[in-house]
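# Coordinates in review
One-letter residues, chain by chain:
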Amino acid sequence: QVKLVQSGGGLVQPGGSLRLSCAVSGNTLEDYATGWFRQAPGKKREGVSCIRRRDGTTNYADSVKGRFAISRDTYNNIVHLKMNSLTPEDPGIYYCATDRGWQWECDLRPVVYDSWGQGTPVTVSS
């Protein structure tokens, strides 16, 4: 049984930064792909970033390239998402997720992930 517990998030002004964390238990990060996703009100869940299991190579949505950074702490089994230069287009509920270990790469489509964190809100407001 894989469990993901998220922390971080909150309210930040435009241009500010936040760091999200996702502690994973029941598996090891080097055995499966992990990703971050977000869902804004009235919109479908979208992929933000992912990191592939075999070497830690990362992928990003075009909208966050250069601003967000995903990383993993394999010793503590934690995945982080550092978000810089936040804009009013970035708010939503952010989720971390893992697949079943089958992805050779990592994919930003939510449907390929199996275990999900509880979600944490990110609000960008002056």
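Below is a summary of the structure that appears in this document.

Conventions and cut-offs
Residues numbered from 1 in each chain as written. Predicted model: local features only at pLDDT ≥ 70, side-chain atom pairs only at ≥ 80, totals over all residues. Heavy atoms only, no water. Helix = DSSP H or I, 4+ residues; strand = E, 2+ residues; numbered from the N terminus. Phe/Tyr/Trp six-rings, centres within 6.5 Å; stacked < 30°, edge-to-face > 60°. Buried < 20%, exposed > 50% of the residue type's maximum accessible area, 1.4 Å probe, protein only. Lys NZ or Arg CZ within 6 Å of the ring centre and 35° of its normal. Salt bridge = Lys/Arg side-chain N within 4 Å of Asp/Glu carboxyl O.

Once that is clear, we can look at unusual backbone geometry. Phi at N77 takes a positive value of approximately 60°, unusual for a residue other than glycine. By the element assignment, N77 lies in the loop between β7 (68–73) and β8 (78–83). One non-glycine residue, S85, adopts positive backbone phi at about 50°. As for its placement among the helices and strands, S85 is situated in the loop between β8 and β9 (92–98).

Our next topic: the packing of aromatic side chains. The relative placement of two aromatic rings is captured by the distance of their centres and the angle of their planes. On inspection of all chains with the given rule, the structure shows three aromatic pairs. Look at F37 and Y113: their rings are 4.9 Å apart centre to centre, the planes differ by 65°, and that puts the pair in the edge-to-face class. Here F37, found in strand β4 (residues 34–39), pairs with Y113, found in the loop between β9 and β10 (115–116); they are 76 residues apart in sequence, far enough to count as distant. Accessibility classification places F37 together with Y113 in one group, the buried group. Both rings, one in F37 and one in W116, keep their centres 5.0 Å apart while their planes meet at 55°; by these two values the pair is tilted. Within this pair, whereas F37 is found in strand β4, its partner W116 is found in strand β10, the two being separated by 79 residues in sequence. On the basis of relative accessibility, which here comes to 26%, the residue W116 falls in the partly exposed class. Among the aromatic residues, those joined into a cluster by ring pairs are F37, Y95, Y113 and W116. The cationic tip of R45 hangs over the ring face of Y95; the distance from NZ or CZ to the ring centre is 4.0 Å. Over the aromatic face of W116 sits the side chain of R45, whose NZ or CZ is 4.7 Å from the ring centroid.

Below, the discussion takes up the pattern of salt bridges. Using the criterion set out here, one finds eight salt bridges in the structure. Here R52 and E105 are joined by a salt bridge, their closest N and O atoms 2.3 Å apart. One end of the pair, R52, is in the loop between β5 (46–51) and β6 (58–60); the other, E105, is in the loop between β9 and β10, with 53 residues separating them in the sequence. Judged by its relative accessible area of 13%, R52 falls in the buried class. With a relative accessible area of 38%, E105 lands in the partly exposed category.

Take it as geometry only, folks, not as evidence of what the structure does.
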